Amino acid sequence: GLPTNIVIEDGEINGSSSAAINGANVEIRRVYIHEYGGDAIKIASNQVIESNYIASGGLNDGAHADGVQLTGSAHNVKILGNRFDMIGTFDNYKANATLFLQLENGEASNVEVAHNWLNGGGYTIYVNEYAAFVTFSTRAEQAAQVMPVT
């Protein structure tokens, strides 16, 4: 299974061949995440992603990098005060979305996205019809598109 109960603070992660961080019950604060092969952060339930700088991902062939990717169900997730600079398809970077939230069957509770700076991506925010379970209070700057998927 995925690693759990991890705290990552005050650092830098670069050069990962796939996702920079993939886990459950993880707290990530004040980390510069860049130059990664796939997605920056793949999350599950009980996550805190706060005050990070996430940029320049999707270096692998065929990548469609997301800053934060949440698929399936999610509970107790906070994405707060981060800066996302996701270059689209440029200089070997292949960004899909700053936030990719594909929740299933309404299986989401206490998911908060607030005070973030979202820049770039093919879709700046990509969500499906279960996004009603997500509280948004954030700024999308130079948004390519905000895509509600049905």
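Refer to the preceding data block for the structure.
What counts, and where the lines are drawn
- By convention here, each chain's residues receive numbers from 1 onward along its written sequence.
- Only residues with pLDDT of 70 or above have their local features reported here, since the model is predicted, and side-chain atom pairs are shown and tallied only from 80 upward, although totals for entire chains, interfaces and linings are computed over all residues.
- Note that water and hydrogens are dropped before the side-chain values are worked out from all heavy atoms of the structure.
- What counts as a helix is a DSSP run of H or I of at least four residues, what counts as a strand is a run of E of at least two, and both are numbered from the N terminus.
- Throughout this description, buried means an accessible area under 20% of the type-specific maximum (1.4 Å probe, protein chains only), exposed means over 50%, and partly exposed covers the range between.
- Every residue pair with non-hydrogen atoms within 4.5 Å of one another is taken to be in contact.
- All accessibility values rest on the Shrake-Rupley procedure with a 1.4 Å probe; residue burial counts only the protein chains present in the view.
- Pairs were defined over the aromatic rings of Phe, Tyr and Trp, the Trp ring being its six-membered one, requiring ring centres within 6.5 Å. Orientation was assigned from the angle between planes: stacked under 30 degrees, edge-to-face over 60, tilted for the rest.
- Definition of nonpolar core: a set of buried residues of the types Ala, Val, Leu, Ile, Met, Phe, Trp, Tyr and Cys, connected through side-chain atoms within 4.5 Å.
- Any carboxyl oxygen of Asp or Glu that lies within 4 Å of a side-chain nitrogen of Lys or Arg is treated as forming a salt bridge with it.

Q: It is not clear to me how the overall build of the chain should be interpreted in this structure. Could you clarify?
A: Broken down by element type, the chain carries zero helices and twelve strands. If you list the helices and strands of the chain from N to C, you get β-β-β-β-β-β-β-β-β-β-β-β. Of all 150 residues assigned to the chain, the portion counted as buried reaches 48%. Sequence-distant contacts, at least 24 apart, represent 48% of the contacts inside the chain between residues at least 6 apart. When the accessible surface of the chain is summed, it comes to about 7000 Å², and 46% of that surface belongs to carbon and sulfur atoms.

Q: Please clarify how the packing of aromatic side chains should be interpreted in this entry.
A: Scanning all chains against the criterion turns up three aromatic pairs. When the ring of Y32 is compared with that of Y53, the centres are 5.2 Å apart and the planes differ by 15°; the resulting orientation is stacked. Of the two residues, Y32 is situated in strand 2 (residues 21-36) and Y53 in strand 5 (residues 53-57); the sequence distance between them amounts to 21 residues. With a centroid separation of 5.4 Å and an interplanar angle of 55°, the aromatic rings of Y123 and Y126 are classed as tilted.

Q: Help me understand the nonpolar core, please; the structure alone is not making it clear to me.
A: Considering soluble globular proteins, one finds that nonpolar side chains tend to be buried as a cluster. Ranked by size, the top nonpolar core spans 31 residues in total, and within it I33, I41 and I79 carry the most contacts. Within the residue set of this core, elements represented by two or more residues are strand 2, strand 3 (41-43), strand 6 (65-80), strand 7 (83-86), strand 9 (93-120) and strand 10 (123-128). Examining the composition of this core, we find that eight residues originate from one element, strand 9, more than from any other. Residues contacting I33, with those up to four places away along its chain left out, are I13, A20, I21, A40, I41, Y53, I54 and A55.

Q: Looking at this structure, how should I read the environment of G57?
A: Positionally, G57 belongs in strand 5. Note on G57: relative accessible area 3%, which makes it buried. Measuring from C-alpha to C-alpha, the distance between G57 and S16 comes to 9.6 Å, with 41 residues separating the pair along the chain. Ignoring sequence-local partners within four residues, the contact set of G57 consists of Y36, G38, A65, Y93 and K94.

Q: Got a minute to help me understand the pattern of salt bridges in this structure?
A: Two side chains bearing opposite charge may form a pair once their charged atoms approach each other closely. Counted under the stated rule, the structure contains seven salt bridges. Here D10 makes a salt bridge to R30, at a shortest N to O gap of 2.6 Å. Remark: R30 occurs in strand 2 and D10 occurs in strand 1 (residues 4-14); sequence separation between them is 20 residues. By relative accessible area, which is 40% here, R30 ends up partly exposed.

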